Amino acid sequence: MDVFLQQLINGLTVGGIYALIALGYTMVYGVLKLINFAHGDLFTIGAYLGLTLLTSLSLADRVGPGLGILILVLMIMGLLAVVGGILERIAYRPLRESPRLSAVVSALGASIFLQNTVMLIYGARFQVYPQNILPQVSISFMGLNISMVRIMVLFFSLILMAALYLFIQKTKTGTAIRAAAIDQGAARLMGIDVNQVILLVFLIGPALGGTAGLMVGLLYGQINFTMGWVYGLKAFTAAILGGIGNIPGAMLGGLILGVVEAMGAAYISIAWKDAIAFCILIL
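Quick caveat, the model's predicted, so the values are computed rather than measured.

Caption draft 1: Structural context of the overall build of the protein. When helices and strands are tallied, the protein shows 12 helices and 4 strands. For the protein, the C-alpha radius of gyration of 19 Å lies close to 19 Å, the compact-globule estimate for 283 residues. Across its three principal directions, the C-alpha atoms of the protein cover 60 × 40 × 35 Å. Counting all 283 residues of the protein, 48% fall into the buried class. Sequence-distant contacts in the protein: of pairs separated by 6 or more residues, those separated by 24 or more amount to 77%. Roughly 13200 Å² of accessible area belongs to the protein as shown, and the carbon and sulfur atoms make up 69% of that amount. Separation between the mean location of the 14 positive side-chain charges and that of the 9 negative ones in the protein comes to 5 Å.

Caption draft 2: Molecular detail of the pattern of salt bridges. Tallied over the full model, the rule gives 3 salt bridges. The salt bridge involving R93 is made with E88; its shortest N-O contact spans 3.3 Å. Overall, R93 belongs to the partly exposed group, its relative accessible area being 22%. On the basis of relative accessible area, E88 is assigned to the buried category, the value being 0%. Linking R96 and E88 is a salt bridge whose minimum nitrogen-to-oxygen distance equals 2.6 Å. The exposure class assigned to R96 is partly exposed, which follows from its relative accessible area of 21%. Salt bridges sharing partners connect three or more residues here, namely E88, R93 and R96.

Basis of the calculations
- Residues numbered from 1 in each chain as written.
- Predicted model: local features only at pLDDT ≥ 70, side-chain atom pairs only at ≥ 80, totals over all residues.
- Heavy atoms only, no water.
- Helix = DSSP H or I, 4+ residues; strand = E, 2+ residues; numbered from the N terminus.
- Rg over C-alpha atoms; globule rule 2.2 N^0.38 Å.
- Buried < 20%, exposed > 50% of the residue type's maximum accessible area, 1.4 Å probe, protein only.
- Contact = heavy atoms within 4.5 Å.
- Areas by Shrake-Rupley, 256 points an atom, 1.4 Å probe, with all protein chains shown as cover.
- Lys, Arg positive; Asp, Glu negative; His and termini not counted.
- Charge placed at Lys NZ, Arg CZ, Asp CG, Glu CD.
- Salt bridge = Lys/Arg side-chain N within 4 Å of Asp/Glu carboxyl O.

Here's what the structure looks like:
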């Protein structure tokens, strides 16, 4: 039972990361009916920017670990929102009225460009996150040992997902996003600026994905420039599992995928962890 509960916590932690990335896929698809293949690379940029800011600003030493991580999350969200907005303006908006294949090719080109840009700036080697950011302590609960990093990752993931859900469901802007996802033509007739809605989606999605990249760096301690492909594909699987275009579904799909992976690694074999995600995608 202890093993099951431990793997459940591990799965929810990783699933929260998948869910944050999946939200970017599902929001763009919901409004544009387009798969943003560059989204995984925005996640990678978030991880690398997090490493750069951690080592250059030393926030944990200046204001304490908790507040330092909070400030870092906000900074990453802001920077990735800017990158996402630039990407939408350059790679997608000019092709808005073009055949769907043109936008897909543009997305693939943007993915290749971003991945290679990260490699040229930071190098092809694995980069290591500082290990002294958060206290290396664990909380014992019902026979479980839960590290402070996992608690932090799970906490921020759930808070961001809840904030997005409330924003989409309870605000006027969120209503505009839902309206544009249902019918852009009718939304325009109601006075909604669809271009601004699409831009907002490209601000929110990368902001969440970049935060997920930071969390992966903090959780596992190392990152590389190709990590966006694997995490992006798993997040895409989570979005499909929850019904792509469905925001609560993407959240639930990410959590389910993380738990299924963790249970498969514990009770089948860790070598099958990735294969399980791809089997879910096929199914």
